[in-house]
Amino acid sequence: MIERKSLGIAVVGAGRIGSLRARLAAEYPAVNFIAVSDADPARARDLAREVGAQFHSGDNLAAISRPEVNAVIVAASEGEHALPVMQALEQGRSVLVEKPLALTLAEADRIIAAVEKRKANLRVGYSRRYKDRYLIAKEQVIQGRVGKIVGAAARVYNSRSQAFAMLKRNPGATPVVDALTYYVDLLNWLLEGAHVTEVFARGQKGVLKAAGHDTDDVSWAILTYSDGTIASLGVSYALPEKYPALGHAARVEVLGTEGVMILDDDHTDQLMYTEKGVPHVYLPDHSVNMVFLQSGTPGDWALGEFLGPIANETRAWLDHLALGKPCNLATAPEARRTLEITLAIEQSAKSLKPVALPLAK
Ligand SMILES: NC(=O)c1ccc[n+]([C@@H]2O[C@H](COP(=O)([O-])OP(=O)(O)OC[C@H]3O[C@@H](n4cnc5c(N)ncnc54)[C@H](O)[C@@H]3O)[C@@H](O)[C@H]2O)c1
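Residues numbered from 1 in each chain as written. Predicted model: local features only at pLDDT ≥ 70, side-chain atom pairs only at ≥ 80, totals over all residues. Heavy atoms only, no water.

Tracing the sequence through the fold places Asn 170 in the loop between α7 (160-169) and α8 (175-190). Residue Asn 170 is classed as buried on the basis of its relative accessible area of 11%. Sequence separation between Asn 170 and Gly 79 is 91 residues, and the spatial gap between their C-alpha atoms is 6.6 Å. (Helix = DSSP H or I, 4+ residues; strand = E, 2+ residues; numbered from the N terminus. Buried < 20%, exposed > 50% of the residue type's maximum accessible area, 1.4 Å probe, protein only.)

This next bit is on the pairing of strand β13 (residues 271-280). Sheet topology note: the β13/strand β14 (residues 283-292) ladder contains six bridges and is antiparallel. From the neighbouring strand, Met 272 faces β14, where its bridge partner is Val 291. (Pairing = 2+ DSSP bridges.)

Think of a ball as big as a water molecule: rolled over the atoms, this probe shows where empty space is left. Size it by volume and the largest pocket reaches roughly 930 Å³. Along the wall of the largest pocket there are 40 residues; nearest its centre are Arg 16, Ala 75, Ala 76, Ser 77 and Arg 169. Looking at the lining of the largest pocket, the element that brings in the most residues is α7, giving six residues. Among the residues making up the lining of the largest pocket, the classes are represented as 18 nonpolar, eleven polar and eleven charged. The residue makeup of the lining of the largest pocket includes at least three contributed by each of domain 1 (7-125) and domain 2 (133-296 + 339-356). Approximately 460 Å³ is the volume found for the second largest pocket. As for the second largest pocket, its lining consists of 23 residues, of which Val 281, Pro 298, Gly 299, Asp 300 and Phe 306 are closest to the centre. Mapped onto the domain boundaries, the lining of the second largest pocket takes at least three residues apiece from domain 1 (7-125) and domain 2 (133-296 + 339-356). (1 Å grid on protein atoms, 1.4 Å probe; cavity = no way out; pocket = protein on both sides within 12 Å on 5 of 7 lines; lining within 4 Å. Points joined across faces, edges and corners; volume = space filled by probe spheres on them. Nonpolar A, V, L, I, M, F, W, Y, C, P; charged D, E, K, R; others polar. Domains from an automatic or database assignment.)

Counting across every chain of the model gives three aromatic pairs. An angle of 90 degrees between the planes, with centres 5.6 Å apart, marks the rings of Tyr 243 and Phe 292 as edge-to-face. Here the residue Tyr 243 occupies a position in the loop between β10 (230-239) and β11 (249-256), and Phe 292 occupies one in strand β14, the gap between them amounting to 49 residues. Residue classification places Tyr 243 among the partly exposed residues on the basis of a relative accessible area of 24%. (Phe/Tyr/Trp six-rings, centres within 6.5 Å; stacked < 30°, edge-to-face > 60°.)

This part is about the site of the ligand. Near the ligand there are 26 residues, and of these Asp 38, Arg 43, Glu 78, Lys 99 and Tyr 282 occur at the shortest range. The separation between a nitrogen atom of the ligand and a polar side-chain atom of Tyr 182 is 3.2 Å. Protein coverage of the free-state accessible area of the ligand, which is 850 Å², stands at 90%. Applying the majority rule of atoms within 2 Å of the grid points places the ligand in the largest pocket. Contributing elements (two or more residues each) for the shell around the ligand: α1 (16-26) and α8. When grouped by side-chain class, the residues that make up the shell around the ligand number ten nonpolar, seven polar and nine charged. Counting contributing residues per domain, the shell around the ligand is built from domain 1 (7-125) and domain 2 (133-296 + 339-356), each supplying no fewer than three. (Near = heavy atom within 4 Å. Polar contact = N/O pair within 3.5 Å; in protein donor to acceptor, adjacent residues only side chain to side chain. Areas by Shrake-Rupley, 256 points an atom, 1.4 Å probe, with all protein chains shown as cover. Sits in = over half its atoms within 2 Å of the grid points.)

The structure is reproduced here in structure tokens:
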């Protein structure tokens, strides 16, 4: 008989992702208590009403420290993760925090020290790991079907509309640190066992700079791993405002000594055109006529169910806590390595020089 632990979940941050996680948690059979907090108490109240949560507050600690709570989801904006994560760890809670773990290595190190001190269970939601095509790719690697991986490539495109929203809420959340990060994590996960020793990158400025953000429109990087594997990574979050990607249009390739995987994740095979317009997830006043269906990063609503990476990932994390099943979410040290690589990409693009890892503290 599997032992089932009952769960009380605090959701910190009642925005787009926090709302999805809260809904998914509320429907999970082992969850019998939900608390919601947000810097904006009205948002916390509205989400609590929507999911039938028992508690809501404008004070994160009040939600995290409720005695019914044993696990915390931190879905606040990128620059606001560290404090609620530390509060949750101090209260002995398990934690799921959205990517990136933090925006600086110093913050990430403080979190890792707290995790280690308390032998806590902290996971980071790099939800690409829970997109079916990448889970299936990981299985092929584990089965050895591509042989030894010697090279990889990943690039992701999005329209500038989402970049503007990201940069407005947090100037440190650049397309590299906030979006390419998923594919850095993905390649690190597929290449498990090797670590990045050198980063070489170039970037070019354009419309994001013209709009007042000191960040590149396009970034390309070459990563060298400790076993000699080379990977090419790229991101542009500056495609025209009405480009049909509603999140990520991506392509990932894995080259091995005995096989190769070409993972076409652009979603150009799922086109919809509508005269009625589709609202953009990140911009309430913005709508597009053409969309690549399923290109939104979290997933999609269909017939009252939320389907896709965030749904798979949230349920896997809840199964992990309630049933003790292993899960594939990134650990804190893995998330720190990914953060370090993204910061090194920015550093190399600025200095025009290769950057050796680990970065100096
Ligand atoms: N895995 C995915 O598919 C995915 C997709 C989008 C975003 N994300 C990540 O999820 C996180 C949230 O993104 P979002 O799109 O939901 O943002 P959002 O702007 O919709 O929501 C953020 C919420 O956090 C609240 N907030 C800000 N500071 C806070 C604080 N100190 N304490 C409590 N609440 C606070 C804001 O009021 C807002 O309600 C980010 O880390 C982002 O990178 C993940």
